Amino acid sequence: MGMGIDSRRIIAKRAAQEVTDGMIVNLGIGIPSLIPEYVAKDVHVMFHAENGILGMGPSPGEGKEDPALCNAGGFPITLKKGASYFDSATAFGMIRGGYIDLSVLGGLEVSQRGDLANWIVPGKRVPGIGGGMELACKSKKVVVVMSHVDKWGKSKIVSSCSLPLTAKECVSTIITDMAVIAVTDKGLCLTEVMYPYTVPEVIEQTDAPLFISQHLA
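These numbers come from a predicted model, not from an experiment. (Residues numbered from 1 in each chain as written. Predicted model: local features only at pLDDT ≥ 70, side-chain atom pairs only at ≥ 80, totals over all residues. Heavy atoms only, no water.)

## Some details on the overall build of the chain
Counting secondary structure elements, the chain contains 4 helices and 13 strands. The C-alpha radius of gyration computed for the chain amounts to 17 Å, which stays within 12% of the reference 17 Å derived for 217 residues, consistent with globular compactness. Expressed as lengths along the three principal axes of its C-alpha atoms, the size of the chain is roughly 45 × 35 × 30 Å. Expressed as a percentage of the 217 residues in the chain, the buried residues total 46%. (Helix = DSSP H or I, 4+ residues; strand = E, 2+ residues; numbered from the N terminus. Rg over C-alpha atoms; globule rule 2.2 N^0.38 Å. Buried < 20%, exposed > 50% of the residue type's maximum accessible area, 1.4 Å probe, protein only.)

Shown next, in the form of structure tokens:
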């Protein structure tokens, strides 16, 4: 079940609420790249990219793209005041050194323990795992944004991942087109339900067991 641009933007807008003042944030390819458009103007944040940029701004308007300026996914970006460039070795040094406060990544599957699979479907060609492994393991907080179910209607939030893992027990929060789910020591906690869905509908569409936040009960 594919997502339209409206669903993608709803997810990105909610994920932008996870960005707080003073953070250094890395954004994955796809839905995460929409997040800068929804960060409040009074929130001062530096967006980081593995190809060597700190201080990315929102996507440029049509016709205003700089062909020499892109994010790690190759998509055009703008820069904020105070932005800097550096080589990829330095960019990954920042990740591995634990300087990234928040990473927002796409996902293929997330398990009830917070395991993340987001880099390969067996049998399909991909360029490699990229920086996902380092970001998942070394960021202070990892938020995964994705559709709640795949194109066949199968839950992407599962008891145990069937796809090759990117990292184990790394995810803090899952944001989908249906819900916001926190990964806790007790399991997956349903904290928010996206309009127009209901709590029973989210539970029905989730393979992994959920417990309900007190303010939803």
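From this point on, the discussion continues.
## Brief notes about the sheet that holds strand S7 (residues 116-117)
Strand order in the open sheet made by the 3 strands is S7-S6-S9, with mixed pairing throughout. Of all the strands in the sheet, just S7 and strand S9 (157-158) have a single pairing partner and so form its edges. Here strand S6 (residues 109-111) pairs with S9 via 2 bridges, running parallel. Its bridge partner lying in S9, Ser111 is registered against Val158. (Pairing = 2+ DSSP bridges.)

## Side note on helix H1 (residues 5-15)
Every buried residue of H1 is listed here: Ile11, Ala12, Arg14 and Ala15. With its buried residues spanning 165° around the axis, H1 presents them on a single face. For H1, exposure combined with an orientation more than 90 degrees from the buried face picks out Asp6 and Lys13. (Arc of directions from axis to C-beta.)

## Here's the deal with the pattern of salt bridges
Taken as a whole, this structure holds 7 salt bridges when the rule is applied. Taking the shortest distance from any N to any O, the salt bridge between Lys140 and Asp101 comes out at 3.1 Å. Note that Lys140 is positioned in the loop between helix H3 (132-138) and strand S8 (142-145) and Asp101 in the loop between helix H2 (88-96) and strand S5 (102-106), a separation of 39 residues in sequence. On the basis of relative accessible area, Lys140 is assigned to the exposed category, the value being 58%. The network of salt bridges with common partners includes Arg14, Glu18, Lys141 and Glu192. (Salt bridge = Lys/Arg side-chain N within 4 Å of Asp/Glu carboxyl O.)

## So, the pairing of S5
Side chains on a regular strand alternate between the two faces of the sheet. Counting buried positions along S5 yields 4 of 5 residues, so the element is predominantly enclosed. As defined by bridge partners, strand S1 (residues 24-27) adjoins S5 across 3 bridges and the pair is classed as parallel. Each residue of the ladder has a partner; that of Asn26, found in S5, is Ser103. Of the pairings in the sheet, the one linking S5 to S8 comprises 4 bridges and is parallel in character. If you follow Gly106 over to S8, its bridge partner there is Val145.

## Things to note about the sheet that holds S5
Strand order in the open sheet formed by 10 strands is S4-S3-S2-S1-S5-S8-S10-S11-S12-S13, with mixed pairing between adjacent strands. Of all strands in the sheet, those with a lone pairing partner are strand S4 (79-85) and strand S13 (210-212), marking the two edges. Taken pair by pair, the neighbouring strands of this sheet meet at an average axis angle of 25°, ignoring direction. Sheet strands touched by H1: S8, strand S10 (173-175), strand S11 (179-184) and strand S12 (187-193). Its angle to S10, the strand with the most contacts, is close to 150°. (Axes fitted to C-alpha atoms, helices over the stretch in contact; angles between N-to-C directions. Contact = heavy atoms within 4.5 Å.)

## Concerning the environment of Leu69
Summarising the element assignment, Leu69 is placed in the loop between strand S3 (53-56) and S4. Judged by its relative accessible area of 11%, Leu69 is buried. For Leu69 and Ile5, which are 64 residues apart along the polypeptide, the C-alpha to C-alpha distance reads 24 Å. What Leu69 contacts, discounting residues up to four positions off in sequence, is Ile53, Phe75, Pro76, Ile77, Thr78, Leu79 and Tyr85.

## Regarding the side chain of Thr173
Tracing the backbone through its elements, the reader meets Thr173 in strand S10. According to the relative accessible area criterion, Thr173 is buried, its value standing at 10%. Filtering out sequence-adjacent residues up to four positions away, Thr173 remains in contact with Glu18, Lys141, Val142, Val143, Val144, Val180 and Ile181.

Bear in mind that shape data such as this cannot, by itself, settle questions of function.
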